[in-house]
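Residue-level listing of the chains:
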Amino acid sequence: MIRLLVGLGNPGPEYEATRHNAGFWWIDEAARTLKVSPVPERNYFGLVARVNRPAGPIWLLEPMTFMNLSGKSVAALARFFKIAPEEILVVHDELDLMPGQMKIKQGGSHAGHNGLKDIHAQLGSGDYWRLRLGIGHPGVKSEVINYVLRKPPQEHREAIEKAIEQSLGALDLLLAGDMERAMMKIHAKPPRPKPPKPEPKAPGEPSEGPL
């Protein structure tokens, strides 16, 4: 069962629409779905919302610590409410997936992502769940910092938003701890569009041919 939903990003209007804030975009949509509004909580160094459910409260968190100190916020809330790493889902931007693609998994390395690196260090564990939202890669390692801190083009933003919408279709499964079914829903490829029907030929119109 997931008890804490965390979206990673950077605070401040200048970062709001940048690729590195894809995790914040996800939490914003999750909050709308769950009909709550995250508010500043100084004790947890972030924006926090609580959702009361029959099985117990669920927490939504956007750390306001800047990306490389995300773990300070996550660990403060998790420790206070005795939330284990395997009950945490961290949503973050992923360079190795194209916009519109996403993957969910538990555990693994932080792969150089500074937000995950600090969460690993502060929790003392990598056993939390991650939802990786694809943002694409600039193609050159030296360009990564500039790339993640820039706004994506409109078509990429729309593709990311569609992925967020699809993943939120699995939110109830995630919160219930039915991770296998949640994975299937999140990893499902959208159906291919059907080819257009051929237009009916006008009477007396010759059929297609090489001559």
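Residues numbered from 1 in each chain as written. Predicted model: local features only at pLDDT ≥ 70, side-chain atom pairs only at ≥ 80, totals over all residues. Heavy atoms only, no water.

Caption draft 1: Structural context of unusual backbone geometry. At Phe45, a position not held by glycine, the phi torsion is positive, near 55 degrees. Take Phe45: it is sitting in the loop between β2 (39-41) and β3 (46-53). The class of Phe45 is partly exposed, set by a relative accessible area of 33%. A positive phi angle, near 55 degrees, is found at Lys82, a position not held by glycine. (Helix = DSSP H or I, 4+ residues; strand = E, 2+ residues; numbered from the N terminus. Buried < 20%, exposed > 50% of the residue type's maximum accessible area, 1.4 Å probe, protein only.)

Caption draft 2: Highlighting the sheet that holds β3. Strand order in the open sheet made by the seven strands is β2-β3-β4-β1-β5-β7-β6, with mixed pairing throughout. Taken across any chain shown, the strands that pair with only one partner, and hence form the sheet edges, are β2 and β6 (102-106). For this sheet the average axis-to-axis angle between neighbouring strands, irrespective of direction, equals 25 degrees. For strand β1 (residues 4-7) and strand β4 (residues 56-63), the ladder comprises three bridges, and the chain directions are parallel. For Leu5, the partnering residue across the bridge sits in β4 and is Leu60. Relative to the sheet, helix α1 (residues 22-34) contacts β1, β3, β4, β5 (88-94) and β7 (129-134), its axis offset from that of β4 by approximately 145 degrees. Together, β5 and β7 form the strand contacts of helix α3 (residues 114-123), whose direction differs from that of β5 by roughly 155 degrees. (Pairing = 2+ DSSP bridges. Axes fitted to C-alpha atoms, helices over the stretch in contact; angles between N-to-C directions. Contact = heavy atoms within 4.5 Å.)

Caption draft 3: Up close: the pattern of salt bridges. According to the stated counting rule, one finds six salt bridges in the structure shown. Between Arg132 and Glu94 there is a salt bridge whose closest N-O contact spans 3.0 Å. On the criterion of sequence distance, the pair formed by Arg132 in strand β7 and Glu94 in strand β5 is long-range, its members being 38 residues apart. When the shortest N-O distance is used, the salt bridge between Arg181 and Asp178 registers 3.3 Å. (Salt bridge = Lys/Arg side-chain N within 4 Å of Asp/Glu carboxyl O.)

Caption draft 4: Molecular detail of the packing of α1 against helix α5 (residues 154-168). Two numbers describe how α1 lies on α5: the axes approach to 10 Å, and their chain directions differ by 45 degrees. In this view, α1 runs oblique relative to α5, as classed from their interaxial angle. The crossing of α1 and α5 is right-handed. Of α5, the residues touching α1 (which contributes Ala22, Trp25, Trp26, Glu29, Ala30 and Thr33) are Arg157, Ile160, Ile164, Ser167 and Leu168. Residues of the contact of α1 with α5, tallied by class, amount to seven nonpolar, two polar and two charged. (Parallel < 35°, antiparallel > 145°, perpendicular 65-115°, else oblique. Left-handed = near helix turned anticlockwise from the far one by under 90°. Nonpolar A, V, L, I, M, F, W, Y, C, P; charged D, E, K, R; others polar.)

Caption draft 5: Spatial organisation of helix α2 (residues 70-80). Looking only at α2, the buried set comprises Ser70, Gly71, Ser73, Val74, Ala75, Leu77 and Ala78. Buried-residue contacts for α2 involve β1, β3, β4, β5 and α3. Just beyond α2, the residue with positive phi is Lys82, at close to 55 degrees.

Caption draft 6: Layout of the nonpolar core. In this structure, Leu5, Trp26, Leu60, Leu89, Leu131 and Leu133 are the most contacted members of the largest nonpolar core, which totals 36 residues. For this core, the element with the highest residue contribution is α1, accounting for seven residues. If we skip the residues at most four places from it in the chain, Leu60 touches Leu5, Ile27, Ala30, Ala31, Leu34, Val36, Leu47, Val48, Ala49 and Val51. Judged by nonpolar contacts, the second largest core, of 17 residues, contains Tyr44, Leu77, Leu116 and Tyr128. (Core = buried A, V, L, I, M, F, W, Y, C linked by side-chain atoms within 4.5 Å.)

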